[in-house]
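Notes for the structure review
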Amino acid sequence: NAGVTQTPKFQVLKTGQSMTLQCAQDMNHEYMSWYRQDPGMGLRLIHYSVGAGITDQGEVPNGYNVSRSTTEDFPLRLLSAAPSQTSVYFCASSIDRGPYEQYFGPGTRLTVT
Amino acid sequence: KNEVEQSPQNLTAQEGEFITINCSYSVGISALHWLQQHPGGGIVSLFMLSSGKKKHGRLIATINIQEKHSSLHITASHPRDSAVYICAVIPDTGNQFYFGTGTSLTVIP
């Protein structure tokens, strides 16, 4: 059981470039989410999905897109990277939306120059 | 405005000391989640609780729903407990977790 996996671990982008952060889980969890972690702030929800084919916006969705074509995979796309998107990104999954234990991936450290 | 406040922000302790980390929140909740983030960055779940007390090894988590407060205790602290401890809540009117900024704990041998 790999749990939640994320790739890449580190990435440097130039302003305006696009990229996709990958996230996969093998626990058959319905709920998946993307967070960003910035110094001095708590984790903030970017986008989430309650099942294959269903996604919705979280607290800070601007500049990001997601899709969920399978239960296992939940990629996060940066459309046109900006320095304000420099952050650590975490993917998480849980059995369902709501008060259920969340399992986190190892994180992706992204720097936009 | 962060609905979840943790204290202290930073904590240094000697090995063997009893440690308490506090979490206060401002809304009614359906559950509270304690998480641990090690220096390498990975985040792991410690406890989910909605009432009372839970214990796992040297870690104890308590919650007082009326006072909107939870504590995480570590008994006989060890350098390997050095990490950031994060509190998160789900409001009883919603389905999204809201996270505190974390308490950075350093345990010195």
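Each remark here, short or long, concerns the structure printed above.
The rules behind these values
- Residue indices begin from 1 for each chain and proceed along its sequence in written order.
- Here the convention is simple: chains get letters from A, ligands get numbers from 1, in the order in which they are written.
- Totals for whole chains, interfaces and linings use every residue, but because this is a predicted model, local features are given only for residues with pLDDT of at least 70 and side-chain atom pairs only at 80 or more, for both listing and counting.
- Where side-chain values are given, they derive from all heavy atoms of the structure, hydrogens and water being excluded.
- Each helix corresponds to a stretch of at least 4 residues labelled H or I by DSSP, and each strand to a stretch of at least 2 residues labelled E; elements are numbered beginning at the N terminus.
- The atom set for the radius of gyration is the C-alpha atoms, and the globule formula is 2.2 Å times the number of residues raised to the power 0.38.
- Each Phe, Tyr or Trp ring (for Trp, its six-membered ring) is paired with any other whose centre lies within 6.5 Å, and the angle between the two planes then decides the class: stacked below 30 degrees, edge-to-face above 60, tilted in between.
- Burial here depends on accessible area, computed with a 1.4 Å probe over protein chains only, as a share of the maximum for the residue type. Under 20% is buried, over 50% is exposed, and the range in between is partly exposed.
- Note on definitions: salt bridges are taken to be side-chain nitrogens of Lys or Arg within 4 Å of carboxyl oxygens of Asp or Glu.
- In this description, a disulfide is simply a cysteine sulfur pair whose atoms lie within 2.5 Å.
- Two residues qualify as a contact provided that any one of their heavy atoms is within 4.5 Å of a heavy atom in the partner residue.
- Once two parts are joined, some of their accessible surface, as seen by a 1.4 Å probe, is lost; buried area is that loss totalled over both.
- Polar contact is the term for a pair of N or O atoms within 3.5 Å; when the atoms are in protein, one must be able to donate a hydrogen and the other to accept it, and sequence-neighboring residues count only if both atoms are side-chain atoms.
- Here the term charged refers only to Asp, Glu, Lys and Arg, the term nonpolar to Ala, Val, Leu, Ile, Met, Phe, Trp, Tyr, Cys and Pro, and the term polar to all other amino acids, Gly among them.

1. Some details on the overall build of chain B
The helix and strand inventory of chain B stands at 0 helices and 11 strands. Across chain B, helices and strands are ordered from the amino to the carboxyl terminus as β-β-β-β-β-β-β-β-β-β-β. The C-alpha radius of gyration computed for chain B amounts to 13 Å, which stays within 12% of the reference 13 Å derived for 109 residues, consistent with globular compactness. Expressed as lengths along the three principal axes of its C-alpha atoms, the size of chain B is roughly 45 × 25 × 20 Å.

2. Here we look at the packing of aromatic side chains
The tally for this structure, following the rule as stated, stands at 6 aromatic pairs over all chains. Both rings, one in A:Y35 and one in A:F104, keep their centres 6.0 Å apart while their planes meet at 35°; by these two values the pair is tilted. Placement of A:Y35 in strand β4 (residues 31–37) and of A:F104 in strand β10 (residues 103–104) is noted, with a sequence separation of 69 residues between them. Assigned by exposure class, A:Y35 and A:F104 land together as buried. Relative to B:F99, the ring of B:F97 lies with its centre 6.3 Å away and its plane at 45°, an arrangement referred to as tilted. We note that B:F97, like B:F99, is buried. One aromatic cluster is present, formed by A:Y35, A:F90, A:F104, B:F97 and B:F99 through successive ring pairs.

3. A closer look at the pattern of salt bridges
In a structure, side chains of opposite charge can pair up when their charged atoms sit close to one another. All names here are of chain A. A full pass over the atoms with the stated rule returns 3 salt bridges over all chains. Among the ionic pairs, R36 bridges to D38, the shortest N-O distance being 2.9 Å. Residue classification places R36 among the buried residues on the basis of a relative accessible area of 8%. The buried category is assigned to D38, whose relative accessible area is 10%. Two residues, D38 and R44, come together in a salt bridge whose shortest N-O distance is 2.8 Å. The network of salt bridges with common partners includes R36, D38 and R44.

4. Here we look at the state of the cysteines
One pass over the structure, following the stated rule, counts 2 disulfides over all chains. For A:C23, the disulfide goes to A:C91, at an S-S distance of 1.8 Å. Across the disulfide from A:C23 to A:C91, rotation about the S-S bond amounts to roughly -65°, and the bridge is consequently left-handed. Of this pair, A:C23 sits in strand β3 (residues 19–25) while A:C91 sits in strand β9 (residues 87–94), and the two are 68 residues apart along the sequence. In this structure A:C23 comes out as buried when scored by relative accessible area, which is 2%. Between the sulfur of B:C23 and that of B:C87 lies a disulfide, 1.9 Å long from S to S. Judged by the sign of its S-S torsion, about -60°, the cystine formed by B:C23 and B:C87 is left-handed. One end of the pair, B:C23, is in strand β3 (residues 19–25); the other, B:C87, is in strand β9 (residues 83–91), and 64 residues separate them in sequence. For B:C23, a relative accessible area of 0% gives the class buried.

5. Some remarks on the interface of chain A and chain B
Each partner contributes residues to the interface: chain A has 17 residues there, and chain B has 17 residues. Across the interface of chain A and chain B, roughly 1500 Å² is buried in total on both sides, 61% from carbon and sulfur atoms. Of all residues in chain A, A:L43, A:P99 and A:F104 bury the most surface against chain B, accounting for 29% of the area lost on that side. If you look at where chain A meets chain B, you find 0 salt bridges. The interface formed by chain A and chain B contains 2 residue pairs in polar contact (both at pLDDT 80 or more). Grouping the amino acids of the side of chain A that touches chain B by side-chain chemistry returns 9 nonpolar, 5 polar and 3 charged.

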